[in-house]
Amino acid sequence: MTSDGRGQTHGDAARDPDALIRRAGASGDPDRDQHFLVDDRVVDRIPTYLPENTDLSHVLEIGGGPGVLTDRLLDVADRVTVVEQDRTFADHLRREFAEEVEAGRLTVLEGDALEIDLPDFSACVSNLPYGISSEISFRLLPEGKPLVLMFQKEFGERMAAESGTSEYGRLSVSAQHYGDVNVCEIVPREAFDPQPAVQSAIVRIEPHAPDYEVDDEEFFLDFVKALFTQRRKTIRNGIRNTPHISGLSDPDAVVEAADEDVLRKRAGNMAPAEFAELAQLAADVGL
């Protein structure tokens, strides 16, 4: 799926990415998952992919690095909080954007985004470290806020995939449980320094309430995970083979109660709403 941006542009005083990296006094390190976006055109477009009428009062950025995206976010947001684990870059951000820090428009939180307390935020826009894409995403998604995140291309396409496609999987169902997921743009390797081994994707997640009901969200997500570990098997066999993952105490009772047409399917052909209906049944009779 693709989507056009909102056409916002940054101000004339946008900082040059290469100059920001030079002033930071440190370069990216592929071994530490540091690949910095240096293509002005791509950086300029990223904030425009936020949904229309997004609340820009407090934008969160995970992994600010030398501040290339931070600069653009400060141009469109009232306030920005950056989480940066690398002390060199955290100190650089405070120096480079000293006026914004002094004015209370920028806060730099030094630490691991998977561990520190995140502030209340109105939207999140980030070029994520690829190695923690999944963990960070599923920390952000339950917050129910608009997200524009950069991932490895394959990860982004799996997140947005529709049932029946080869990319569709646990990630697709879990992400789409929280919002509408769209790949906005594919970004070539050459847009980064140092260049990553793969292409990237800018992904927008617009929060929504799912069009189905789930009483126990944790069980629903575990149930989806369990069935996708058996994606080549029928749902019938998947339920019976994975109680150690799903937490079911009586998988046979679920099989007996479920519709035969559903039991013949495979996980890759089950829409999120179908998973939800089956998970609800499983929770009622199999837990």
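Sequence positions are assigned chain by chain, starting from 1 and proceeding in written order. The model is predicted, so local features are restricted to residues of pLDDT at least 70 and side-chain atom pairs to those at 80 or more, both for listing and for counting; the totals for chains, interfaces and linings are taken over all residues. Only hydrogens and water are removed before side-chain values are computed, so all heavy atoms of the structure are retained for them.

## Looking at helix α1 (residues 17–24)
Relative accessible area decides the class of each residue, using a 1.4 Å probe on protein chains only: under 20% of the type maximum gives buried, over 50% gives exposed, and in between gives partly exposed. Each helix is a run of H or I in the DSSP string that is no shorter than four residues. Each strand is a run of E no shorter than two, and both are numbered from the N terminus. Of the positions making up α1, those classed as buried are Pro 17, Ala 19, Leu 20, Ile 21 and Ala 24. Where α1 is buried, its residues meet β1 (36–37), α2 (40–45), α3 (68–76) and α4 (87–96). We define a polar contact as two N or O atoms separated by no more than 3.5 Å, with the added condition that, inside protein, one atom must be a possible hydrogen donor and the other a possible acceptor, whereas residues neighbouring each other in sequence contribute only through side-chain atom pairs. The distance from a side-chain oxygen at the start of α1 to the backbone nitrogen of Asp 18 is 3.3 Å, and the residue carrying that oxygen is Asp 16. Contact definition: two residues touch when any of their heavy atoms are within 4.5 Å.

## A few points about the domain arrangement of the chain
What fixes the domain bounds is an automatic or database domain assignment. Segmentation of the chain into domains returns domain 1 (17–207) and domain 2 (217–286). Between the C-alpha centres of domain 1 and domain 2 the distance comes to 34 Å. In total, domain 1 and domain 2 occlude about 1,000 Å² of area from one another, counting both sides; carbon and sulfur atoms represent 60% of this. Note: buried area is the sum, over both parts, of the accessible area (probe 1.4 Å) each one loses when the two are combined. Of all residues in domain 1, the largest losses of buried area upon contact with domain 2 belong to Tyr 168, Arg 170 and Val 173, amounting jointly to 51% of the total for that side. We count a salt bridge whenever a side-chain nitrogen from Lys or Arg sits within 4 Å of a carboxyl oxygen from Asp or Glu. Inspection of the domain 1/domain 2 interface yields 0 salt bridges. Put simply, domain 1 and domain 2 have 5 residue pairs in polar contact (both at pLDDT 80 or more) between them. Residue classes follow a fixed rule: Ala, Val, Leu, Ile, Met, Phe, Trp, Tyr, Cys and Pro count as nonpolar, while Asp, Glu, Lys and Arg count as charged, and any other residue, Gly among them, counts as polar. By residue class, the composition of the side of domain 1 that touches domain 2 is 3 nonpolar, 8 polar and 1 charged.

## Points about the sheet that holds strand β2 (residues 59–62)
As a general point, the strands of a sheet are linked pairwise by backbone hydrogen bonds and lie either parallel or antiparallel. Judged by pairing direction, the sheet is mixed, and its 7 strands sit side by side in the order β4-β3-β2-β5-β6-β9-β7 without closing on themselves. Where the open sheet ends on each side, the last strands, each with one partner, are β4 (106–110) and β7 (179–187). Taken over all neighbouring pairs, the strand axes of this sheet differ in orientation by 20 degrees on average, direction set aside. One requirement defines pairing of two strands: DSSP has to find at least two bridges between them. Relative to strand β9 (residues 200–207), strand β6 (residues 147–152) runs antiparallel, the two sharing 6 bridges. Helix axes are fitted to C-alpha atoms over the stretch in contact, other axes to C-alpha atoms as well, and angles between N-to-C directions run from 0 to 180 degrees.

## Quick word on the pairing of strand β3 (residues 80–84)
Among the 5 residues of β3, 5 are classified as buried, and the element is accordingly described as predominantly covered. Residues Val 80, Val 82 and Glu 84 of β3 are buried on one face, and the alternating residues Thr 81 and Val 83, pointing to the opposite face, are buried as well. Across 4 bridges, β2 lies against β3 in parallel orientation. Across the sheet, residue Glu 61 finds its bridge partner in β3, namely Val 82. Sheet topology note: the β3/β4 ladder contains 5 bridges and is parallel. Residue pairing across strands places Thr 81 opposite Thr 107, the latter belonging to β4.

## Considerations on a negative patch on the surface
Patch construction takes residues with relative accessible area above 30% that form no salt bridge. Like charges are linked within 9 Å, and nonpolar side chains (Val, Leu, Ile, Met, Phe, Trp, Tyr) are linked within 5 Å. The method behind every accessible area is Shrake-Rupley, applied with a 1.4 Å probe, and residues are considered shielded solely by the protein chains displayed. For the charge count, each Lys or Arg is scored as positive and each Asp or Glu as negative, with His and the chain ends excluded. Where a charge lies is defined by one atom per residue type, namely NZ (Lys), CZ (Arg), CG (Asp) and CD (Glu). Taken together, the side chains of Glu 213, Asp 215, Asp 216, Glu 217, Glu 218 and Asp 284 define an acidic patch exposed on the protein surface. Mapped onto the fold, Asp 215 is located in the loop between β9 and α9 (217–228). Judged by its relative accessible area of 64%, Asp 215 falls in the exposed class.

## With respect to the UniProt feature "binding site: S-adenosyl-L-methionine" (unreviewed entry) in the chain
On the UniProt side, "binding site: S-adenosyl-L-methionine" (unreviewed entry) is annotated at positions that read His 35, Leu 37, Gly 63, Glu 84, Asp 112 and Asn 127 here. In this fold, Leu 37 is placed in strand β1. Excluding anything up to four places from it in sequence, Leu 37 contacts Pro 17, Val 42, Val 43, Ile 46, Val 68, Asn 127, Met 150, Val 187, Ala 191 and Phe 192. On the basis of relative accessible area, Asn 127 is assigned to the buried category, the value being 16%. Once you skip the residues sitting within four places of it in the chain, Asn 127 turns out to touch His 35, Leu 37, Ile 62, Gly 63, Leu 69, Met 150 and Phe 192. UniProt positions are given in the numbering used here, feature names are shortened, and annotations may be inferred rather than shown by experiment.

## Here we look at the nonpolar core
In terms of nonpolar packing, the biggest core is built from 50 residues, with Met 159, Phe 220, Phe 223, Ile 239, Phe 275 and Leu 278 touching the most fellow members. Counting contributing residues, this core receives three or more from each of domain 1 (17–207) and domain 2 (217–286). Nonpolar cores were defined as sets of buried Ala, Val, Leu, Ile, Met, Phe, Trp, Tyr and Cys residues, with membership established by side-chain atoms within 4.5 Å. Grouped together as the second largest cluster of nonpolar side chains are 31 residues, Leu 20, Tyr 49, Leu 56 and Val 187 included.

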